[in-house]
Amino acid sequence: MTGKLLLGAHVSTAGGVENAPGRGLETTCDTIQIFVKPPNRWASRPLTEENVAAFKAAVAETGISPVIAHGLYLVNLATSDDALWNKSLDALADELERCEMLGLPGLVVHPGSHKGAGEDAGQARIAAALDEAHARLPGYNAQIWLEITAGQGDHLGYTFEQIRRMIDGVKQPERLGVCFDTAHAWAAGYDVHTREGFDATWDEFDRILGIERLRALHLNDTNKELGSRVDRHEQVGKGKLGLDTFRFLVNDPRFRGIPMILELDLGDDEFRENLATLRSLVEEPA
């Protein structure tokens, strides 16, 4: 960990991935999250050497670091449908390859939905997909980071124990990390908006997953109730989590050096406002 507070947002790659760092700088980001290919399409043009070189130059020029990626929404590693599973695996491997080309440390992935096949079956399919992706791409530095989910529908990954079983089910667990989303955790039943609940949640995270496996944080508020299992995002401090959840996070030394990302459909001014709100919560050392 660098010891630095890293606040940022998911930014657009319109016109090419090389445009993302500049957009991050314009919205006062320290770090950014991007899609390395369009999130709602299976097919996408490959990255060119020019794209990669321009992206790396933009990262160096802006100082935006780290840049992390988020996986396709279409991917479902938990499905029992062989055609969809293979298509998802191919897409995952392609995204991870793009991350490696760009020098990104990790790809945030939603584990997937078992679609009625049952949690055990879904988790076995996820582990098999992760193993196959690792086998196809040996020696990669870019990692897959499993995201805590809200548990909406049949989606897996809404408890720390489920994520633990996914990690334990693969042959190379050292190539996996975890992304914690505040809105998802709340919807899944983790009460992070009081000091007591926040501390208990992270004690449980550390006991089950290990705090050293945390790679990214998504800082999203939500207007849905605790344990609702509904995935909806809201601006910082404007939902059920309030400002205290985010105050606890930005002042916790365990999370320095870990990218903290806003995932909201906002304009640049609103992103700057949300980032300013987060920075205003940072307390001066005693």
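**Remarks on the packing of helix H7 (residues 195-208) against helix H8 (residues 242-250)**
1) Next: In the contact formed by H7 and H8, the axes pass within 10 Å of each other and the chain directions differ by 50 degrees. Considered as vectors, H7 and H8 are oriented oblique to each other. Read as a crossing pair, H7 and H8 show a hand that is right-handed. Residue-level inspection shows Arg 195, Phe 198 and Trp 202 of H7 in contact with H8, the latter providing Thr 245, Phe 248 and Leu 249.
2) Next: Partitioning the contact of H7 with H8 into residue classes produces four nonpolar, one polar and one charged.

**What about the nonpolar core?**
1) Next: One finds Phe 180 and Leu 217 to be the most contacted residues of the largest nonpolar core, which totals 81 residues.
2) Next: In terms of residues, this core owes the most to one element, helix H3 (residues 82-102), which gives eight residues.
3) Next: If we skip the residues at most four places from it in the chain, Leu 217 touches Phe 180, Trp 202, Leu 249, Phe 255, Ile 258, Pro 259, Met 260 and Ile 261.
4) Next: Within the second largest apolar cluster, six residues are counted, among which are Trp 145, Cys 179, Ala 216 and Ile 261.

**Here we look at the pattern of salt bridges**
1) Next: Per the counting criterion, the structure on display carries twelve salt bridges.
2) Next: With a shortest N-O distance of 3.0 Å, Lys 240 and Glu 225 are connected by a salt bridge. Note that Lys 240 is positioned in the loop between strand E7 (214-218) and H8 and Glu 225 in the loop between E7 and H8, a separation of 15 residues in sequence.
3) Next: Here Lys 240 falls in the partly exposed class, since its relative accessible area comes to 34%.
4) Next: Residue Glu 225 is classed as partly exposed on the basis of its relative accessible area, which comes to 46%.
5) Next: The residue Asp 252 makes a salt bridge to Arg 254 at a minimum N-O spacing of 2.7 Å.
6) Next: Under the relative-accessibility criterion, Arg 254 is labelled partly exposed at 33%.

Conventions used here
Residues numbered from 1 in each chain as written. Predicted model: local features only at pLDDT ≥ 70, side-chain atom pairs only at ≥ 80, totals over all residues. Heavy atoms only, no water. Axes fitted to C-alpha atoms, helices over the stretch in contact; angles between N-to-C directions. Helix = DSSP H or I, 4+ residues; strand = E, 2+ residues; numbered from the N terminus. Parallel < 35°, antiparallel > 145°, perpendicular 65-115°, else oblique. Left-handed = near helix turned anticlockwise from the far one by under 90°. Contact = heavy atoms within 4.5 Å. Nonpolar A, V, L, I, M, F, W, Y, C, P; charged D, E, K, R; others polar. Core = buried A, V, L, I, M, F, W, Y, C linked by side-chain atoms within 4.5 Å. Buried < 20%, exposed > 50% of the residue type's maximum accessible area, 1.4 Å probe, protein only. Salt bridge = Lys/Arg side-chain N within 4 Å of Asp/Glu carboxyl O.

So, to be careful, I would describe these as geometric facts and stop short of saying anything about function.
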